[in-house]
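Structural description and commentary
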Amino acid sequence: MATFGGAVAAMRARFAAGWLTPIAYPNGERPGGVWPPQVDGAPVPWAYFDVLASASDLRGAGLPGDHVWLTRGNIFISIFCPLGEGSVRAIDLAEAAGEKFRAATLYQDGAGAKVVCLAPVCDGGGPDAENGNVFRVTTTIPFEFYFRK
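In this report, we go over the structure that sits alongside the text. All chains use their own residue numbering, which begins from 1 and follows the written sequence. Under the rules for a predicted model, residues below a pLDDT of 70 receive no local features and side-chain atom pairs below 80 are neither given nor counted, while totals for whole chains, interfaces and linings still include all residues. The side-chain values count all of the structure's non-hydrogen atoms but skip hydrogen atoms and water molecules.

What follows is about the nonpolar core. To define a nonpolar core, start from buried Ala, Val, Leu, Ile, Met, Phe, Trp, Tyr and Cys residues and group those joined through side-chain atoms within 4.5 Å. Only protein chains enter the accessibility calculation, which uses a 1.4 Å probe; a residue whose area is less than 20% of its type maximum is buried, one above 50% is exposed, and one in between is partly exposed. Met11, Phe15, Phe49, Ile75, Ile77, Phe101 and Cys117 are the most contacted members of the largest nonpolar core, which has 31 residues in total. A run of H or I in DSSP becomes a helix once it reaches four residues, and a run of E becomes a strand once it reaches two; helices and strands are each numbered from the N terminus. Elements that contribute at least two residues to this core include exactly α1 (4-16), β4 (46-60), β5 (68-82), α2 (88-99), β7 (114-117) and β10 (134-148). Considering every element that reaches this core, the biggest residue donor is β10, with six residues. Counting residues in each nonpolar core, the second largest holds five residues, with Ala24, Trp35, Trp46 and Val134 among its members.

In this section: α1. Taking 1.5 Å as the rise per residue, α1 with 13 residues should run 18 Å; its terminal C-alpha atoms sit 18 Å apart, in good agreement. Considered for burial, the residues of α1 that qualify are Gly6, Ala7, Val8, Ala10, Met11 and Phe15. One or two positions beyond α1, positive phi appears at Gly18, with a value near 80°. To estimate the expected span of a helix, subtract one from its residue number and multiply by 1.5 Å.

Next comes the structure, spelled out in structure tokens:
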């Protein structure tokens, strides 16, 4: 049976496949070693991946225990680049992150469950002192998760 946790795992796997910067996740999950990541003592870009549900509704009637439900939410991928490098690199990485999900359908279980991703959009970015001496740009991808329960 499809679960929201399984849907999030599928989203994470899609993003991580082929992504070239280190990725951090909620609850302190991140690659080992020095953090924020560095190469030869110089900071390098990295990504923070998060998924937040915003609403869940009954989408269609079915037999008891077999209703179609819809959970809506957003995937947020924040790209952090060293401050002073300009904004273009962060914007380009954020845009590439969003393109991994544009109009994608994933986590299909054959019983009607699926995640449908919509169009990504990048914000304007800005300095982020909480995460080091970095510039942050976030891309947001709305999604719809359909499942039976």
